[in-house]
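Structural characterization, general
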Amino acid sequence: MTTLARFEARKVLRNPLLWLGAALLFAFGVGNAVSYWPSIPADGEYVHEGLVVLAPFALLVGALLGLRDRTSRAESVLASTPLVARGLVVPARMAALALASVGVCALVFAATALTSFARGGHGYPDVFFVLDAGLYVALAACGGFAIGYVSGSRILSLLAAPILPGMVFYRQGSQSGSIADPSWLLPSPRLPGRFGPLGYLPDIFPVHALYLAGGILALIGIVWVRAGRRESSSAARPGLVATVAGSVVFLAAGGWLAVQPREVHVFGPEPADWVEIHTEADYRRLGRARRDASPDAGRVLATACVETGGIGACVFPEYGTRLAIALAENAAPLAEFASLDGVPQSIRMVPTADHTGIEDCAQGDDLLVGSQRWSVEFQEYEPVAERGFYCAVYGRRQLVNPAANALHAWFAARVTRDHTGREFVRAVRQGWGRRAAEAVGHLADVPVADVVDRLEPIWDDVRTRDASLADLRRALGAPG
Amino acid sequence: MRIELRGVSKSYGAVRALDSVDLDLSHGITGLLGPNGAGKTTLMRILATLLSPSAGSVRVEGLDPSKPRDRLELRRRLGYLPQDLGLYPRFTVFEFVDYLAILKELDERRDRHRRVRAALAAVGLEDVARRKIKTLSGGMARRVGIAQALVADPSLLVLDEPTAGLDPQQRARFRELLASLGEGRQVVLSTHLVEDVAAICTSVVVLWGGRVAFHGTPQDLRERAAGRVWSTAEPSPGALTSWRTETGAYRVVGDRPAGDAAELPPTVEDGYLLLTSGLGEPVHA
């Protein structure tokens, strides 16, 4: 049986359909990661999101193997062989499919990680996560085999290839949000919260991999029984054992997954500091209780530190200093505002993500960045510097203040490249009125060093919401 | 290897393909003759353990194919070429025979590959071993089928229409091969080609309407026509069969024709024609 499985695995691995799917998945993973590099912890996730690309090809390859004897009319010649009499051909083929699928999937993950590494990434593999993704593809391949073998229909196999993985993908993206949401039970679940070095929370992947492995074993067992029964009850018996064993594992793991929380929010490295979210009520309760709490409560976990251009940055060591350098460079514009109170001059990574209801603004002199959020977003639309300045002018209260709005808008226009200055002024006029737009426009005409000097007398008033637009314009020496 | 069939019948619904067949076959090459629908392929499939008889018993070297353990053991000793041979078109010739060798429990790679090469050489396919099966002619594909039947060196070879699709040269070569294979093992082949049986078989079974109409040596079958084959200048309307030969004379099988007629030495085919013409239309109960 091992010899046959090896032979079949080699044949499966030579199937161009599987490699076409793998190439598309690789392109998808790398393409998604391009704009986020160095998005160290998320490399695997980009591949995971693209599994819907590979799964149909795997399913089709499995279906073609399941159909092979029938379409080629080779059943008679095979049926007279001892291995068929022992009922071992079907399990050997399905095992080969499963192993080849896991292998191809792991290869795509490795290729994506290597590409990311070459671009400055410094990821760390999550073995269970990669295994789980591979098992999903394996399940698709084995499912395809079962469809082809049992139905004997090419049309059904061709239809199933896009439809079944498509349904999983659709369900993955349309979770209901209720506690009964079975999304952890999907063969390819939505991704849990990502907390960098702390791993996935809830950490479903070791058990989910077991869940899939049980499902695959049960599926192989069912088809094995069907094939073996044609020969003898003794040939079908191992299939029955596999079905029962696989079902037990599948159900036990599925039961555990079904009661896992939708989210886990981290307020410290110890599990005692974590908060599970099962329902919307949990979520609201957390928002109220933690509104002003610091996410890491003074613990220092970010020990990979750099200082560049006057800005220091510390990240979790697993991310490497490359991310710290990138964060510090991104926050460099804040250095010019060092003389203004509350403008952070250092950045510190904390073990939390977004959606917690907690502002990740400065604690002391540090700008706090959540491990998930900032690792993927800081290069794009919300530069670290802009975030730091936002925290300085608004603090945690976020009260509306036209002077603060104008200053923030001016700073944002400086550090983002999404708009020209003229476009930005026009946007401010539409949003906050003519006077705010004039203030922003005037700020843009004054050298930065002069802005800082002129802001110092009214800075405390800006931060306490007492300064008006007129005060700002006067301080800057604007006419009228 | 000894094959014993006792009262073997096989029915497909209302159609009885085999009807109380009793046969004893031992070492050598046995040819199964009979018209379409005589039950040849059904009998071959029963011997190849693919079908179970509706009634009666089969023993091959004492093994009972209805018992799973015996059936497995029998398959380990069996090489089978089905009439409706299907091959994997995307496999190479070597891969396909290698694959069947694996299914025949030849696990040791080096030894298996040696046997595959030998089987391909035996059927003259060593030069096309790397070609995809879908590129082969019908005759070559048939030879791939023969190679897979031979690859595990079986002690029982069941070959259903092995020479169908082969050209005369290939058939001659196959006869040579089969004659050598028949030494020390049991070969059962079915065919429509009486000359194949005459050339290589040590015994002949003629099936007619699912029953055994004859079982003996080719010589026995030929002797049935002794004194009943003639050469005449004119066709003989009353004969069982007659045809014009390349000399212009007519070869007549049956009673002595009127007028000048010279007796000819009979062939196995003459014996077969005489035998089957006396049996009437095959009846399927």
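Here the structure is a predicted model, which is why all the values come from computation and not from measurement.

1. Topic: the overall build of chain B
Scanning chain B for helices and strands turns up nine helices and 13 strands. Relative to a compact globule of 285 residues, whose C-alpha radius of gyration would be 19 Å, chain B shows 21 Å and is just as compact. In terms of its C-alpha atoms, chain B occupies a principal-axis envelope of roughly 70 × 45 × 35 Å. By the burial criterion, 46% of the 285 residues in chain B qualify as buried. The contacts in chain B between residues at least 6 apart in sequence include a share of 67% that link residues at least 24 apart.

2. Digging into the overall build of chain A
Across its full length, chain A carries 21 helices and nine strands. In chain A, which comprises 480 residues, the proportion classed as buried is 50%. Restricting to contacts in chain A with at least 6 residues of sequence separation, those with at least 24 account for 68%.

3. Considerations on unusual backbone geometry
Residue and element names in this part refer to chain A. Omega for the bond connecting L201 with P202 falls within 30 degrees of zero, at 0°, which places this linkage in the cis form. Along the chain, P202 falls in the loop between strand 2 (200-201) and helix 10 (205-229). We note that R73 has phi near 60°; this positive angle belongs to a residue other than glycine. Within the secondary structure, R73 is located in the loop between helix 4 (51-72) and helix 5 (75-79).

4. Considering the pairing of strand 12 (residues 250-253) of chain B
All names here are of chain B. Sheet topology note: the strand 10 (residues 229-232)/strand 12 ladder contains four bridges and is antiparallel. The residue bridging V229 from the neighbouring strand is V253, located in strand 12. Two strands pair when backbone bridges link them, and strand 11 (residues 241-244) and strand 12 are joined in this way by four bridges, in the antiparallel orientation. When the sheet's bridge partners are listed, R244 is paired in strand 12 with Y250.

5. Looking at the interface of chain A and chain B
On the side of chain B, 26 residues touch chain A, which itself brings 23 residues to the contact. Where the side of chain A that touches chain B is concerned, the elements lending two or more residues are helix 1 (2-13), helix 4, helix 5, helix 6 (82-85) and helix 11 (233-258) of chain A. Split by residue class, the side of chain A that touches chain B holds twelve nonpolar, seven polar and four charged.

6. Here's the deal with the sheet that holds strand 4 (residues 55-60) of chain B
Residue and element names in this part refer to chain B. Read from one edge of the open sheet, three strands run 2-1-4, paired in antiparallel fashion. One side of each edge strand has no neighbouring strand; the edge strands of this open sheet are strand 2 (15-25) and strand 4. The average angle at which neighbouring strand axes cross in this sheet is 20°, direction not considered. Alignment of strand 1 (residues 3-12) against strand 4, held across five bridges, turns out to be antiparallel. Within the sheet, the bridge partner assigned to L5 lies in strand 4 and is V58.

7. Details of the packing of helix 1 of chain A against helix 7 (residues 89-118) of chain A
When two helices pack together, their arrangement is given by the angle between their axes and by how far apart the axes lie. Residue and element names in this part refer to chain A. Axis separation between helix 1 and helix 7 bottoms out at 8 Å; the angle between their running directions is 45°. Overall, the two elements helix 1 and helix 7 adopt an arrangement that is oblique. As for the relative orientation of helix 1 and helix 7, their crossing is right-handed in sense. Together, L4, A5, E8, A9, V12 and L13 of helix 1 and V89, A92, R93, A95, A96, L97, L99 and A100 of helix 7 make up the contact between the two elements. Partitioning the contact of helix 1 with helix 7 into residue classes produces twelve nonpolar, no polar and two charged.

8. Some details on the sheet that holds strand 5 (residues 78-81) of chain B
Residue and element names in this part refer to chain B. Pairing in this open sheet of six strands is mixed, and the strands run 5-6-7-3-8-9 from one edge to the other. With partners counted over all chains shown, the strands left at the sheet margins are strand 5 and strand 9 (211-216), one partner each. Strand-to-strand, the axes of this sheet are offset by a mean angle of 15°, without reference to chain direction. Pairing between strand 3 (residues 28-33) and strand 8 (residues 203-208): four bridges, direction parallel. Pairing of L32 across the sheet is with V205, part of strand 8. Packing against the sheet, helix 1 (residues 40-47) makes contact with strand 3, strand 6 (156-160), strand 7 (186-190) and strand 8, and its axis sits at approximately 150° to strand 7.

9. Focus on the nonpolar core
Counting residues in hydrophobic clusters, the biggest one holds 175 residues, and the most contacted among them are L97(A), V137(A), A141(A), C142(A), I216(A), V97(B) and A147(B). With residues near it in sequence (within four places) discarded, L97(A) still touches V12(A), G62(A), L65(A), A138(A), A141(A), C142(A) and F145(A). By size, the runner-up hydrophobic cluster in this structure holds 54 residues, among which are A326(A), A331(A), V440(A) and L472(A).

10. A short note on the environment of R228(B)
In this structure, R228(B) sits in the loop between helix 8 (218-223) and strand 10. The spatial distance from the C-alpha of R228(B) to the C-alpha of P266(B) is 7.7 Å, given a sequence separation of 38 residues.

11. Some points on the confidence of the model for chain B
Residue and element names in this part refer to chain B. When pLDDT is averaged along chain B, the result is 88, and 97% of the positions lie at 70 or above. Within chain B, the lowest mean pLDDT, 83, falls on helix 6 (residues 168-181), and the highest, 96, falls on helix 3 (residues 93-103). Prediction confidence for the complex, expressed as pTM and ipTM, is 0.80 and 0.82 respectively.

12. Topic: helix 15 (residues 384-394) of chain A
Of all eleven residues making up helix 15 of chain A, eleven are buried, and the element is well covered by its neighbours. Every buried residue of helix 15 of chain A is accounted for by V384(A), A385(A), E386(A), R387(A), G388(A), F389(A), Y390(A), C391(A), A392(A), V393(A) and Y394(A).

13. Let's talk about helix 11 of chain A
Taking 1.5 Å as the rise per residue, helix 11 of chain A with 26 residues should run 38 Å; its terminal C-alpha atoms sit 36 Å apart, in good agreement. Looking at helix 11 of chain A, one finds that the buried residues are A235(A), A236(A), G239(A), A242(A), T243(A), G246(A), F250(A), A253(A) and L257(A). Summarising the contacts, the buried residues of helix 11 of chain A are in contact with helix 6 and helix 10 of chain A together with helix 2 (68-76) of chain B.

Criteria and cut-off values
- Residues numbered from 1 in each chain as written.
- Chains lettered and ligands numbered in written order.
- Predicted model: local features only at pLDDT ≥ 70, side-chain atom pairs only at ≥ 80, totals over all residues.
- Helix = DSSP H or I, 4+ residues; strand = E, 2+ residues; numbered from the N terminus.
- Rg over C-alpha atoms; globule rule 2.2 N^0.38 Å.
- Buried ≥ 20, exposed ≤ 12 C-beta atoms within 10 Å, placed from the backbone.
- Contact = placed C-beta atoms within 7 Å.
- Pairing = 2+ DSSP bridges.
- Nonpolar A, V, L, I, M, F, W, Y, C, P; charged D, E, K, R; others polar.
- Axes fitted to C-alpha atoms, helices over the stretch in contact; angles between N-to-C directions.
- Parallel < 35°, antiparallel > 145°, perpendicular 65-115°, else oblique.
- Left-handed = near helix turned anticlockwise from the far one by under 90°.
- Core = buried A, V, L, I, M, F, W, Y, C linked by C-beta atoms within 7 Å.
- pLDDT = per-residue confidence, 0-100.
- Expected span 1.5 Å × (residues − 1).

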